[in-house]
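# Structural characterization, general
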Amino acid sequence: MRRIVIVCLSYLIFSSPALAEEEKLNMAIVFPGGPSLEKVEKYIGQFIDIIAARVGIGGEFVTGRYFTEQKTALDYLDKNRDAFIISSLGFYLSQRKALGLIPLARIELTAGPSERYYLVVEKGAFGTLDELKGKTISGSTLYENPRFLNRIVFNNLVDIRSEFILKPTARPLSAIRKLLKGKLDSVLLDEVQYNSLKSLPFFNEIAVVYVSPALPDVGLMMVDTPATRKLKKRLLEALLAMGESEEGAAAFKSFGLTGFKLIEPGSLNEVIKKYGEKGDSE
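Throughout what follows, the structure given in this document is the object of discussion. Quick caveat, the model's predicted, so the values are computed rather than measured. (Residues numbered from 1 in each chain as written. Predicted model: local features only at pLDDT ≥ 70, side-chain atom pairs only at ≥ 80, totals over all residues. Heavy atoms only, no water.)

### Here we look at the overall build of the protein chain
Basically, it comes down to this: Each helix corresponds to a stretch of at least 4 residues labelled H or I by DSSP, and each strand to a stretch of at least 2 residues labelled E; elements are numbered beginning at the N terminus. Here the term buried applies to any residue with accessible area under 20% of the maximum for its type, exposed to any over 50%, and partly exposed to those in between, with areas from a 1.4 Å probe on protein chains only. Throughout, a contact is declared for two residues whenever any of their heavy atoms are within 4.5 Å. For accessible areas, the Shrake-Rupley method is used with a probe of radius 1.4 Å. Any residue's cover is judged against the shown protein chains and nothing else.
From N to C terminus, the protein chain includes eleven helices and eleven strands. Put simply, the protein chain has 282 residues, and 52% of those count as buried. For the protein chain, the share of sequence-separated contacts (at least 6 apart) that also reach a separation of at least 24 residues comes to 84%. When the accessible area of the protein chain is evaluated, it comes to approximately 13000 Å², of which 50% is carbon and sulfur surface.

### With respect to the pairing of strand β10 (residues 220–223)
The line we're drawing: Here, a strand pair is defined by DSSP locating no fewer than two bridges between the strands.
The alternating pattern of β10 places Leu-220 and Met-222 on one face and Met-221 and Val-223 on the opposite face, and all of these are buried. Taken together, the three bridges between strand β3 (residues 84–86) and β10 define a ladder with antiparallel strand orientation. If you follow Ile-85 over to β10, its bridge partner there is Met-221.

### Comments concerning the packing of helix α3 (residues 70–79) against helix α4 (residues 89–99)
Between two packed helices, the angle of one axis relative to the other and the distance separating the axes together describe the packing. So the rule is basically this: Angles run from 0 to 180 degrees between N-to-C directions of axes, and those axes are lines fitted to C-alpha atoms, restricted for helices to the stretch in contact. Note on angle classes: values under 35 degrees are labelled roughly parallel, values over 145 roughly antiparallel, values of 65 to 115 roughly perpendicular, and the remainder oblique. Helix crossings get a hand from a simple test, with the near helix turned counterclockwise from the far one by less than a right angle marking a left-handed crossing and a clockwise turn marking a right-handed one.
Where α3 contacts α4, the axes come no closer than 13 Å and their chain directions differ by 30 degrees. Relative to α4, α3 is oriented roughly parallel. Seen from above, α3 lies across α4 with right-handed handedness. Note on element contacts: α4 touches α3 through Phe-91, Ser-94, Gln-95 and Leu-99, opposite Gln-70, Leu-74 and Leu-77.

### Observations concerning the sheet that holds strand β7 (residues 165–168)
Across the sheet, which stays open at both edges, the five strands sit in the order β7-β6-β8-β5-β9 with mixed pairing between neighbours. For this open sheet the edge positions go to β7 and β9 (206–211), each flanked by a neighbour on one side alone. Taken over all neighbouring pairs, the strand axes of this sheet differ in orientation by 30 degrees on average, direction set aside. Packing against the sheet, helix α7 (residues 172–180) makes contact with β5 (117–122), β6 (136–139), β8 (186–190) and β9, and its axis sits at approximately 150 degrees to β8.

Listed below in structure tokens is the structure:
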């Protein structure tokens, strides 16, 4: 669900009238395994209505692209360097050096500024991570970079590609249903996905066998070019102001968010060091 929210917010940024018409803003939204654009159109409409009622909408001088495959996103960014990007911590770490990325703002969850990943199983089926070795893991989170999953999410405890059977899916809730039918052994969920299950009747039928360390979050980043440096301040002001209205705050809350916040200096240093010096995908 958070991926849907990020896509919607991206479209709101595209519509910001604060940007001069002679300037160009290029935004790439990169979420491998995320929902198709058709599936998020109604959410985009809801957010646009909120913004349109307060400031008006105009986006003819802004380019926005949404990618559900990392390769096509990187091909696009190779040809369009003057870009702001909305994506994940995993994307930032894997492409930080290759693209010259600068982190700008993080998503702030209602539960707090950090995120965790949860590996869940059917209750009683498995008790530990070691018991799952050789079994299946599913989830949309598996579209993340393998180095990120191994070193950051699983804290160097396992090698997911050699020790498990991976079955990525863009439909994590369907994966949970398959889990409860015995068709999958485990599902890896992010913080928002896991919390969204708590209101469902079958939540008591699942158990957590592994929880990742608390991770910092990244929502907005930019390729460091003269054009992006020129627009950075105004774009950040538009993004950070979105939650100030009553309507915007209510919309954020409905998706488990409180809004976007500036990246604190040094907040990513530890996770960058843990990820290692390699700056491209593995």
